[in-house]
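What follows is the residue order along each chain.
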Amino acid sequence: MPTQPSSSAHPRSSLRSRAIHLTRFLEGPRRVVKLLDAREGFNRYWLLASFLIALLLIFLRDPSLFTRPQFWAEDGKVWYTQAYGGWLHSLTIPLGGYLNTLQRLGAGAALLVPFRWAPLVMSLEGLFFQALPVPILLSGRCRRWAPLSFRLLFAAVYLGIPDAREVHVLCTNCHWHLAVVEVLLAFAAAPRSLFGKIFDVITFALATVCGPFAVLLMPFLFVFWWVRRQRWSLTIFSILVAGSVFQLTLMRHYQTARFYRPLGATVARFIRIVGGNVFIGAVRGSTPYGYKYSLFVCLLSLLVGLAVIAYCSRNASIEVRLFFLYCFG
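Residues numbered from 1 in each chain as written. Predicted model: local features only at pLDDT ≥ 70, side-chain atom pairs only at ≥ 80, totals over all residues. Heavy atoms only, no water.

### Some remarks on the pattern of salt bridges
Alright, step 1. Inspection of the entire model under this criterion finds four salt bridges.
Alright, step 2. Residues R141 and D200 are paired through a salt bridge, measuring 2.7 Å at the closest nitrogen-oxygen approach. Placement of R141 in the loop between α8 (133–137) and α9 (148–160) and of D200 in helix α11 (residues 194–207) is noted, with a sequence separation of 59 residues between them.
Alright, step 3. By relative accessible area, which is 17% here, R141 ends up buried.
Alright, step 4. Between E319 and R144 there is a salt bridge whose closest N-O contact spans 3.6 Å. (Salt bridge = Lys/Arg side-chain N within 4 Å of Asp/Glu carboxyl O. Helix = DSSP H or I, 4+ residues; strand = E, 2+ residues; numbered from the N terminus. Buried < 20%, exposed > 50% of the residue type's maximum accessible area, 1.4 Å probe, protein only.)

### Things to note about the layout of surface pockets
Alright, step 1. In this structure, the second largest pocket spans a volume of roughly 870 Å³.
Alright, step 2. Taken together, 25 residues line the second largest pocket, and the ones lying closest to its centre are L47, S139, R141, S193 and F195.
Alright, step 3. When contributions to the lining of the second largest pocket are tallied by element, the ones reaching two or more residues are α2 (44–61), α8 and α11.
Alright, step 4. Here the lining of the second largest pocket gets four residues from one element, more than from any other, and that element is α2. (1 Å grid on protein atoms, 1.4 Å probe; cavity = no way out; pocket = protein on both sides within 12 Å on 5 of 7 lines; lining within 4 Å. Points joined across faces, edges and corners; volume = space filled by probe spheres on them.)

### Examining unusual backbone geometry
Alright, step 1. Even without a glycine there, the phi angle at A73 is positive, about 55 degrees.
Alright, step 2. Assignment of secondary structure puts A73 in the loop between α3 (64–67) and α4 (74–85).
Alright, step 3. Despite not being glycine, V169 shows a phi value in the positive range, around 50 degrees.
Alright, step 4. As for its placement among the helices and strands, V169 is situated in the loop between α9 and α10 (174–186).
Alright, step 5. On the accessibility criterion, V169 (2% relative accessible area) is buried.

### Thoughts on the side chain of Q247
Alright, step 1. Relative to the helices and strands, Q247 is located in helix α13 (residues 231–251).
Alright, step 2. Leave out the neighbours within four places in its chain, and Q247 touches Y98, L99, T208, V209 and G211. (Contact = heavy atoms within 4.5 Å.)

Right, dumping it as structure tokens:
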């Protein structure tokens, strides 16, 4: 008859089996991380899921913007009012020194519903464009920016920036989110599908008449084409040039300016704006810290912020480096 194992062997085998189970358990997250680093980007179903999750997270930050919507800043007194007086004509009216087609499209859509729902329509437009950068960043087209695991972190930081009330679900400032979409696509891999090409053409054609961002992006896009030699970049560049020329030509007929007094630009104010409002504000929220803190604190923040960016740029891809330059522009 086979001999039974002694009782002293049970604890060793039990400990060995537990160690094996623990090792397998820990290998799970490691495999997930390796999978995320190895993959170039999400497929279409995961991209749709990431977009829906981004919409939900943005909604949960302040549901009252949708349950009790209301006009904010220029939403009512400019975009909706001028669209009500003639929507097609309002598309040709610049404000702040450039065209604002995205906001005027939202106001035109708001005219199609009863007045009580007009603010909600414009808020939904702001929600859509605020969430749009997330699936683009996580797609395979941005694989050269950084590994997917890092891009997931970037998307989380983008959605979780504290106290961003000036640009959070607002039709008036939704063109800032479109500028993020614009730079992500400009420094991305060329689209392979017909849908991707149509999406790029529509996005950049719209972006050229939504603020001054296209003019700022053109020199960096040319550098990107010079380095990557990507033929699609020349197509995008031609769209930006044509749209910028159209906007500048149209604006010659309007003698309007945003400011009617000298701005008083000084080195001290530059330090306060970048060091306080940009760097400290990105960490703590949108409060104007540049005028709340001393000049020394703002200068220290500016130097630390520039040092971090310079350090990150050493080993970053050309896409990330051009993104930094675009942001400074």
